[in-house]
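Each chain, letter by letter, is given below.
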Amino acid sequence: MLLIIGWTIVIIGMFFVLSGSVALLRFPDFYTKIHGASVIESCGAPIVLIGLAFLQSNIASSFKLIIMALIMLILCPASTFAIARASTLYKIDKDGRIK
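Described in the following lines is the structure provided in the data block.

About the criteria used
Residues numbered from 1 in each chain as written. Predicted model: local features only at pLDDT ≥ 70, side-chain atom pairs only at ≥ 80, totals over all residues. Heavy atoms only, no water. Helix = DSSP H or I, 4+ residues; strand = E, 2+ residues; numbered from the N terminus. Expected span 1.5 Å × (residues − 1). Bend = angle between axes of the 7 residues up to and from the residue. Contact = heavy atoms within 4.5 Å. Polar contact = N/O pair within 3.5 Å; in protein donor to acceptor, adjacent residues only side chain to side chain.

**Things to note about helix α3 (residues 59-89)**
Line of reasoning, step 1. Taking 1.5 Å as the rise per residue, α3 with 31 residues should run 45 Å; its terminal C-alpha atoms sit 45 Å apart, in good agreement.
Line of reasoning, step 2. Along its length, α3 shows its largest kink, about 30 degrees, at L75, and proline P77 lies within four residues downstream of that point.
Line of reasoning, step 3. Of the surrounding secondary structure, the elements contacted by the buried residues of α3 are α2 (30-55).
Line of reasoning, step 4. You can read the cap of α3 off the contacts: a side-chain oxygen lies 3.2 Å from the backbone nitrogen of A60, and it is on N58.
Line of reasoning, step 5. Looking one or two places after α3, you find K91, whose phi comes out positive at around 55 degrees.

**With respect to the environment of L24**
Line of reasoning, step 1. Note that L24 resides in helix α1 (residues 2-26).
Line of reasoning, step 2. With 67 residues separating them in the primary sequence, L24 and K91 have C-alpha atoms 21 Å apart.
Line of reasoning, step 3. Beyond its immediate chain neighbours, meaning those up to four positions away, L24 contacts K33, G36, A37 and I40.

Read these as layout, nothing more, since geometry by itself doesn't imply function.
This is the structure we're talking about:
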């Protein structure tokens, strides 16, 4: 049962990673590409790590994966905000160049 739950969560996380990757390729400007990157790091990777925690047979490995996912859930949105804030302070245009 844990195998099915684990692979289901991994597939859901990989959907977020794939959609964020497509967004990085398709979105036109710098600020929307930041959104695509934040989907990968804030949604996709932690969900994959939680799914992999279900697949582990060792409790210590599962615990480490869950801790890594929690750290990513806390720090990745903050780092994305810091990048976006710095880009507005340095007046980066939509093409990613400093004005």
